[in-house]
Amino acid sequence: MLRQISLGTIGLTIGGILTIIGFVAYAGNNATLNLVGFFYGIPLLLGGLALKANELKPVPFTQATSPSALILREQQATDTQNKIRKDITRYCYGQDAHLDTTLSFLGLSPTDQERPIVTGLRETEVNGNYALILEFDSPLIPIDAWQKKQEKMTNYFGPGLEIQITQPSEDTIELALINTPKESLVSSQ
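Named according to an unreviewed UniProt entry, the chain is Membrane protein originating from Nostoc cf. commune SO-36.

Here it is, written out as structure tokens:
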């Protein structure tokens, strides 16, 4: 729940209230409240403005997660899947975009203007396995560029995940991180 609260909004609200109290106390000749309002209110207000200026909003789920997918998440989700889901569904500060460093490492973000943007995510079941599907707006990076990086993505996101890349519509790429059964990992070794 705390991940869904904007620290910038909290700073602006509390700082704004304290600053107004400080001005009212100054007009009413109340030195104690005046000091509290000015010494705490104005810095909180400025901090809230700074956070708001660098705020990256959470990525929304594009469809509700089914109860069966939630059960699979608890049973099968890898640390990587959980980390990505938790990271992009919270407010972030000081980042240009969600997964910006990951996309740069994978070679899918040559410039800030060309970088694909995560627009949504969903959790589902694929062949009885938990899958986290990331939806990207990718007008400047075509699907064949994504597919060329598939092996690098498999290595980057770690063992136990299968990567599937699809293009449901023009300018949209879906990256599915699908948990692979442990039996197939053992048998392939």
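> Please give an account of the sheet that holds strand β3 (residues 117–126) that cites residues and values.
Spatially, 4 strands are ordered β3-β4-β6-β5 in an open sheet, and the strand pairing comes out antiparallel. Single-partner strands in this sheet number two, and they are β3 and β5 (161–169). The sheet shows a mean angle of 20° between the axes of neighbouring strands, direction not considered. Judged from the 7 bridges that link them, strand β4 (residues 129–137) and strand β6 (residues 172–179) form a sheet pairing that is antiparallel. Along β6, the bridge assignment pairs Glu 135 with Glu 174. The strands touched by helix α4 (residues 79–88) are β3, β4, β5 and β6; relative to β4, the strand with the most contacts, the crossing angle is about 40°.

> Describe in detail the nonpolar core, supporting the description with residues and values.
One finds Leu 134, Phe 136, Trp 146, Met 153, Phe 157, Leu 175 and Leu 177 to be the most contacted residues of the largest nonpolar core, which totals 26 residues. For this core, the elements supplying multiple residues, two or more each, are α4, α5 (100–106), β3, β4, α6 (143–148), α7 (150–157), β5 and β6. Here this core takes 4 residues from β4, the largest share from any one element. With residues up to four places along the chain from it excluded, the contact list for Leu 134 reads Ile 84, Ile 88, Leu 99, Gly 120, Leu 121, Ile 173, Glu 174, Leu 175 and Leu 177.

Cut-offs used in this document
Residues numbered from 1 in each chain as written. Predicted model: local features only at pLDDT ≥ 70, side-chain atom pairs only at ≥ 80, totals over all residues. Heavy atoms only, no water. Pairing = 2+ DSSP bridges. Helix = DSSP H or I, 4+ residues; strand = E, 2+ residues; numbered from the N terminus. Axes fitted to C-alpha atoms, helices over the stretch in contact; angles between N-to-C directions. Contact = heavy atoms within 4.5 Å. Core = buried A, V, L, I, M, F, W, Y, C linked by side-chain atoms within 4.5 Å. Buried < 20%, exposed > 50% of the residue type's maximum accessible area, 1.4 Å probe, protein only.

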